[in-house]
Amino acid sequence: MVYPPAPWNLQGYAVGSLQLVDVARVRPLVPSELEIVSLLPGKTLGGIYISSYGLGSVMEYNELIVVSAIAHYAGKWGPWISHIYVDNPNSVAGGREIWGLPKELAQFSWEGSHSLKAAPLGYRVTVRQEKRPLCSLNYSQQSLALPLPLSGKVFSADRSNLLLFKGKFESRIGLIKGELEVAEESPFASLNLGQPLLTVACEDMRLTVSAPAVVGNRFVEFSY
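Residues numbered from 1 in each chain as written. Predicted model: local features only at pLDDT ≥ 70, side-chain atom pairs only at ≥ 80, totals over all residues. Heavy atoms only, no water.

A.B. asks: Requested: an account of the sheet that holds strand 12 (residues 178-182), with residues and values cited.
C.D. replies: In space, the four strands of this open sheet follow the order 7-8-9-12, with antiparallel pairing throughout. What marks the edges here is a single partner per strand, and that holds for strand 7 (107-111) and strand 12. On average, each strand axis in the sheet is inclined to that of its neighbour by 10°, with strand direction left out of account. Across seven bridges, the pairing between strand 8 (residues 123-129) and strand 9 (residues 132-139) is antiparallel. The partner of tyrosine 123 across the bridge, within strand 9, is tyrosine 139. (Pairing = 2+ DSSP bridges. Helix = DSSP H or I, 4+ residues; strand = E, 2+ residues; numbered from the N terminus. Axes fitted to C-alpha atoms, helices over the stretch in contact; angles between N-to-C directions.)

Spelled out as structure tokens, the structure:
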């Protein structure tokens, strides 16, 4: 596989949701060295992020990220990605080898309001692995968007180390209506993701993902 070195610069659009996740459900998916941060008793914050990176990106591909928890380690905070899917094999290889992310191949279908199969809210993105459905997000058209720069750090891990990498994000972001459907046979169905607390759309998005740094050692081998 051929993929560029970090940092990766990506451009496109995305939709995302925020959900409360049961700490007990997500604990088996998070390395034991990381402390799961509870926002409410027994609840951490998770969510779904589905994006399409196009012209101007180091690679063109679609991506589904499942954030299953907010984690803490040695004074550092960040989300933990338990599942991640893309439709470009070079992105799979780069994600695994550079960032230690458990990327897998999947297929993405975006439908607009002009489609005969459009969802009641007007738009839908569906992600599948061959014949197995993973999830779909039905969402409404964005009406008001404000420019918003964000940056943050994300945990990942390889067989020996805990890693932390920085993402820098610029986009026009607006609140939209969203309905998430996770298939029973989906690998992340065990998270029991309910309806979103909020759903956002990101237009004119620019994302820079930097190389990871080692922040700790793995004491027990963790397998995805």
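A.B. asks: Give me the nonpolar core: which residues, what numbers.
C.D. replies: Val15, Leu34, Ile48, Ile50, Leu64 and Phe188 are the most contacted members of the largest nonpolar core, which totals 34 residues. Per-element tally for this core: the top contributor is strand 4 (residues 61-73), with five residues. Contacts of isoleucine 50, omitting those with residues within four sequence positions, involve Tyr13, Ala14, Val15, Glu63, Leu64, Phe108, Trp110, Val125, Val127 and Leu137. Ranked by size, the runner-up nonpolar core spans 25 residues in total, among them Leu10, Tyr49, Leu101 and Leu207. (Core = buried A, V, L, I, M, F, W, Y, C linked by side-chain atoms within 4.5 Å. Buried < 20%, exposed > 50% of the residue type's maximum accessible area, 1.4 Å probe, protein only. Contact = heavy atoms within 4.5 Å.)

A.B. asks: Which residues make up helix 2 (residues 89-99), and what values go with them?
C.D. replies: Turning to helix 2, its buried residues are Ser91, Val92, Ala93, Gly94, Gly95, Ile98 and Trp99. Regarding helix 2, its N-cap is asparagine 88, as a side-chain oxygen of that residue lies 2.8 Å from the backbone nitrogen of asparagine 90 further along. (Polar contact = N/O pair within 3.5 Å; in protein donor to acceptor, adjacent residues only side chain to side chain.)

A.B. asks: Now, about the pattern of salt bridges: what can you tell me, with residues and values included?
C.D. replies: As enumerated under the stated definition, the model contains seven salt bridges in all. For arginine 218, the salt bridge goes to glutamate 33, with nearest N and O atoms at 3.4 Å. Highlighted residues: arginine 218 in the segment after strand 14 (213-217) and glutamate 33 in the loop between helix 1 (23-26) and strand 2 (35-36), separated in sequence by 185 residues. You'll find arginine 218 and glutamate 33 in the same group, each marked buried. In this structure, the salt-bridge partner of arginine 172 is glutamate 203, at a minimum N-O distance of 2.8 Å. Of this pair, arginine 172 sits in strand 11 (residues 161-176) while glutamate 203 sits in strand 13 (residues 198-209), and the two are 31 residues apart along the sequence. (Salt bridge = Lys/Arg side-chain N within 4 Å of Asp/Glu carboxyl O.)

A.B. asks: Could you give an account of the packing of aromatic side chains, naming the residues involved and the relevant values?
C.D. replies: Evaluated as defined, the whole model comprises six aromatic pairs. Seen from their ring centres, tyrosine 85 and phenylalanine 188 are 6.3 Å apart, and the 50° between their planes marks the pair as tilted. Of this pair, tyrosine 85 sits in strand 5 (residues 76-86) while phenylalanine 188 sits in the loop between strand 12 and strand 13, and the two are 103 residues apart along the sequence. When its relative accessible area of 1% is taken as the criterion, tyrosine 85 is described as buried. With a centroid separation of 5.7 Å and 20° between ring planes, the pair formed by tyrosine 123 and tyrosine 139 is classed as stacked. Taken as a pair, tyrosine 123 in strand 8 and tyrosine 139 in strand 9 lie far apart in primary sequence, 16 residues in all. Judged by its relative accessible area of 10%, tyrosine 139 is buried. Following the ring pairs from residue to residue traces out a cluster consisting of Trp8, Trp99 and Phe165. (Phe/Tyr/Trp six-rings, centres within 6.5 Å; stacked < 30°, edge-to-face > 60°.)

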